[in-house]
Amino acid sequence: MQERARARRKRTAAPAKDTGEAGEDRLFVEALSRGFRVLEAFSQAPRPMSLAEIAAVSGIDKSGVQRIVHTLIQLGYLDRQQDGVALGRKLLDRSFDYLRSNPIVQLAVPVLADLRRTIQERVDLSLFDDLTMHYVVRMQSKRDTFYAHLVGRRVPTFCSSGGRSVLSHLPDDQVMDILLRSDRRKRTPRTTVEIDDILAKIEQVRTSGYSLAIEEVLVGEVAVAAAVLDRAGMPIGAIHVAGSLAEWEPDDFVARAGPLVTAAAAGLRQF
């Protein structure tokens, strides 16, 4: 009798809900999400972190962080060091996998290399990701800051040369939506943050075909960019050329780099 009653209760009980950070999404794996939150915690602190620090940044309790960190160390994605836990080298394998499998990167590298040889300045390819542009290829010049060397860096769409070149190819309502959702604080004293001023710069890009940014992301840098479009004419990224204001007058840099970067971006439209 007791077994039949237990079976009856089991049949009539409401099914458990498989929910997590994605609300009612039954396919969402919250345990996997928590693992990525631990990895993403290191974006706030580019150094080894303690378990307590990881827990505070990720919002996961310390015991949960301890189990996740142990697992990721065993897999090679985290590394235990004397002063805490750091990101592991195995993460570079996944970055390599992404870059070698991305058709835009494959097409862009020879185009960027030719542009770099011609202009002898830093040349970048960034991909459009809503509020940010994500650098995926960087070919260096003779002088640069540390962060300007790193693949994977993100810069704001609203104030970067590549970002505004992308915005110039989007409908006005989508441009306004991106601007309203952006964190429009100044990255340098010369960052353009007022919406009307940004819109005016975007209109200039629509006329010239390329975007100019002077010290808006990095002090001392002048950058020109043109959007990379897919076959449907939608922007997917941008090619940038960056120089030093110690060596270039902005007008001279635009006259030199503008036509070159526009031609290079047009050469990738076959994607």
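For the structure itself, look to the data block above.
Residues numbered from 1 in each chain as written. Predicted model: local features only at pLDDT ≥ 70, side-chain atom pairs only at ≥ 80, totals over all residues. Heavy atoms only, no water.

## Some remarks on the environment of Glu40
Assignment of secondary structure puts Glu40 in helix α2 (residues 30-40). In this structure the C-alpha to C-alpha distance between Glu40 and Ile54, which are 14 residues apart in sequence, comes to 9.4 Å. (Helix = DSSP H or I, 4+ residues; strand = E, 2+ residues; numbered from the N terminus.)

## Observations concerning the pattern of salt bridges
Within this structure, the stated rule accounts for 15 salt bridges. Among the salt bridges present, the one from Glu221 reaches Arg122, with a minimum N-O distance of 2.9 Å. Separated by 99 residues along the polypeptide, Glu221 in strand β7 (residues 221-229) and Arg122 in strand β3 (residues 122-129) bring together distant segments of the chain. Of the two residues, Glu221 and Arg122, both sit in the buried class. Of the charged contacts, one joins Glu216 and Arg164 as a salt bridge, the two residues approaching to 2.7 Å between their closest N and O atoms. In this pair, Glu216 is assigned in the loop between β6 (211-214) and β7 and Arg164 in helix α7 (residues 161-167), connecting sequence segments 52 residues apart. Here Glu216 matches Arg164 in class, with each residue buried. (Salt bridge = Lys/Arg side-chain N within 4 Å of Asp/Glu carboxyl O. Buried < 20%, exposed > 50% of the residue type's maximum accessible area, 1.4 Å probe, protein only.)

## Some words on the nonpolar core
Grouped together as the largest cluster of nonpolar side chains are 27 residues, with contacts concentrated most on Leu112, Val123, Leu125, Val137, Val228, Ile239 and Val241. If you list the elements that add at least two residues to this core, you get α6 (103-119), β3, β4 (132-139), β7, β8 (235-244) and α10 (250-266). Beyond its immediate sequence surroundings of up to four residues, Val228 is in contact with Leu125, Met234, Pro235, Ile236, Gly237, Ala238, Ile239, Ala265 and Leu268. Counting residues in hydrophobic clusters, the runner-up holds 18 residues, among them Cys159, Ile178, Leu179 and Ala238. (Core = buried A, V, L, I, M, F, W, Y, C linked by side-chain atoms within 4.5 Å. Contact = heavy atoms within 4.5 Å.)

## Quick word on the sheet that holds β6
Strand order in the open sheet formed by 6 strands is β5-β4-β3-β8-β7-β6, with antiparallel pairing between adjacent strands. Each edge of the open sheet is held by one strand with a lone partner, namely β5 (154-156) and β6. Between one strand and the next, the sheet's axes are offset by a mean angle of 30°, whatever the strand orientation. Bridging between β7 and β8 involves 9 bridges; their strand directions are antiparallel. (Pairing = 2+ DSSP bridges. Axes fitted to C-alpha atoms, helices over the stretch in contact; angles between N-to-C directions.)

## Looking at the packing of helix α3 (residues 51-58) against helix α4 (residues 62-75)
At a closest axis distance of 9 Å, the pairing of α3 and α4 adopts a crossing angle of 110°. Compared by their axis directions, α3 and α4 come out roughly perpendicular. Within the contact between the two elements, α3 uses Leu51, Ala52, Ile54, Ala55 and Ser58 and α4 uses Lys62, Val65, Gln66 and Val69. Among the residues making up the contact of α3 with α4, the classes are represented as 6 nonpolar, 2 polar and 1 charged. (Parallel < 35°, antiparallel > 145°, perpendicular 65-115°, else oblique. Nonpolar A, V, L, I, M, F, W, Y, C, P; charged D, E, K, R; others polar.)

## Side note on the environment of Tyr77
Tracing the backbone shows Tyr77 in the loop between α4 and β1 (78-81). Spatially, the C-alpha atom of Tyr77 lies 8.4 Å from that of Leu39, the residues being 38 residues apart in sequence. Look past the residues within four positions of Tyr77 in its chain and what remains in contact with it is Leu39, Leu72, Leu87, Gly88, Lys90, Leu91 and Arg94. Side chain to side chain, Tyr77 and Arg94 meet in a polar contact 3.0 Å long. (Polar contact = N/O pair within 3.5 Å; in protein donor to acceptor, adjacent residues only side chain to side chain.)

In short, geometric facts, not functional conclusions.
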